[in-house]
Amino acid sequence: MRNPNEKISRRNLLRGLASSALLLSNARLLGQDTVPRISITLSYAIGLWYFNPVGLYLEKGQTAEWMATRWGPTVTAFHPSNGNQELRIPEAAEPFDSGVLAREDTFRWTFDVEGTYDYFSKNHLGMGVVGRIVVGNPGGPGEMPPRYGGAQGRAPIYPRAMPVFDFLDSQEIVRQKTVSFPTDRLGQSYPEY
């Protein structure tokens, strides 16, 4: 322990300041490199493909990463340019589509427009594989109920997706930051043999 009456040398002061700056710089860099990851999962036990977390909050300009655990899923924005889907992302946002992902493939997207983004897996939409990202404040077409413009002329949103949409509360996503897929509520149980 240093004597309070003892003077600090300029060299020790500079050394201490440099060490502190280095620690702060490393902490900031570590935080910037942290990209939230969403798993695209198939669970045979409950008979489901799903995104987990199914709801994620991001700041404007932040990037998310999806990782496939099996071959075949996509990460695709609900947008007319993606198979004539209804618009469920902010109107000024660019639509995204990962293409088919193989096992352990990843897809990253940076979200530069504030609002609500609903997305799906092209090969699994009939199984209800949808997710939501809220960037900044909720808003835009993603806050409308599914089929808000009517189903006429658009690709269908299948009945299996409706309970997932019912579960996706944007305010809850903002509050919790990540919302896990409700496997206990939406999974299926099978009889034991």
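Residues numbered from 1 in each chain as written. Predicted model: local features only at pLDDT ≥ 70, side-chain atom pairs only at ≥ 80, totals over all residues. Heavy atoms only, no water.

A.B. asks: Report on the sheet that holds strand 1 (residues 37-43), specifying residues and quantitative values.
C.D. replies: With mixed pairing, the 4 strands of this open sheet are ordered in space as 2-1-4-6. Each edge of the open sheet is held by one strand with a lone partner, namely strand 2 (48-52) and strand 6 (106-110). The sheet shows a mean angle of 15° between the axes of neighbouring strands, direction not considered. Bridging between strand 1 and strand 4 (residues 63-68) involves 4 bridges; their strand directions are parallel. Bridge pairing links isoleucine 38 to tryptophan 66 in strand 4. (Pairing = 2+ DSSP bridges. Helix = DSSP H or I, 4+ residues; strand = E, 2+ residues; numbered from the N terminus. Axes fitted to C-alpha atoms, helices over the stretch in contact; angles between N-to-C directions.)

A.B. asks: Explain the pairing of strand 7 (residues 115-120) to me, and be specific about the residues and the numbers.
C.D. replies: Burial of strand 7 is extensive: 6 of the 6 residues sit out of reach of the surface. Bridging between strand 7 and strand 8 (residues 130-135) involves 6 bridges; their strand directions are antiparallel. Residue pairing for strand 8: tyrosine 117 is matched across the bridge by isoleucine 133. (Buried < 20%, exposed > 50% of the residue type's maximum accessible area, 1.4 Å probe, protein only.)

A.B. asks: Residue-level account of the side chain of threonine 63, with values.
C.D. replies: Tracing the chain through its elements places threonine 63 in strand 4. A polar side-chain atom of threonine 63 sits 2.6 Å from a polar atom in the side chain of threonine 110. Setting aside chain neighbours within four positions, we find threonine 63 in contact with Val35, Pro36, Leu58, Arg108, Trp109 and Thr110. (Polar contact = N/O pair within 3.5 Å; in protein donor to acceptor, adjacent residues only side chain to side chain. Contact = heavy atoms within 4.5 Å.)

A.B. asks: An account of empty space enclosed by the protein is needed here, citing residue identities and associated values.
C.D. replies: A complete count under the given rule lists 1 cavity of 30 Å³ or more for this structure. Estimates place the volume of the largest cavity at around 40 Å³. Forming the walls of the largest cavity are Glu86, Arg147, Gly150, Ala151, Arg154, Ala155, Pro156 and Ile157. Partitioned by chemical class, the residues of the lining of the largest cavity number 4 nonpolar, 1 polar and 3 charged. (1 Å grid on protein atoms, 1.4 Å probe; cavity = no way out; pocket = protein on both sides within 12 Å on 5 of 7 lines; lining within 4 Å. Points joined across faces, edges and corners; volume = space filled by probe spheres on them. Nonpolar A, V, L, I, M, F, W, Y, C, P; charged D, E, K, R; others polar.)

A.B. asks: Provide a residue-level description of the confidence of the model for the protein chain, including the pertinent values.
C.D. replies: Predicted coordinates in regions of low pLDDT should not be interpreted in detail. Model confidence for the protein chain is summarised by a mean pLDDT of 85, while 81% of its residues fall at 70 or above. Residue range residues 12-31 is modelled with pLDDT below 50. Its contacts to residues more than four positions away, or to other chains, number 1 contact. (pLDDT = per-residue confidence, 0-100.)

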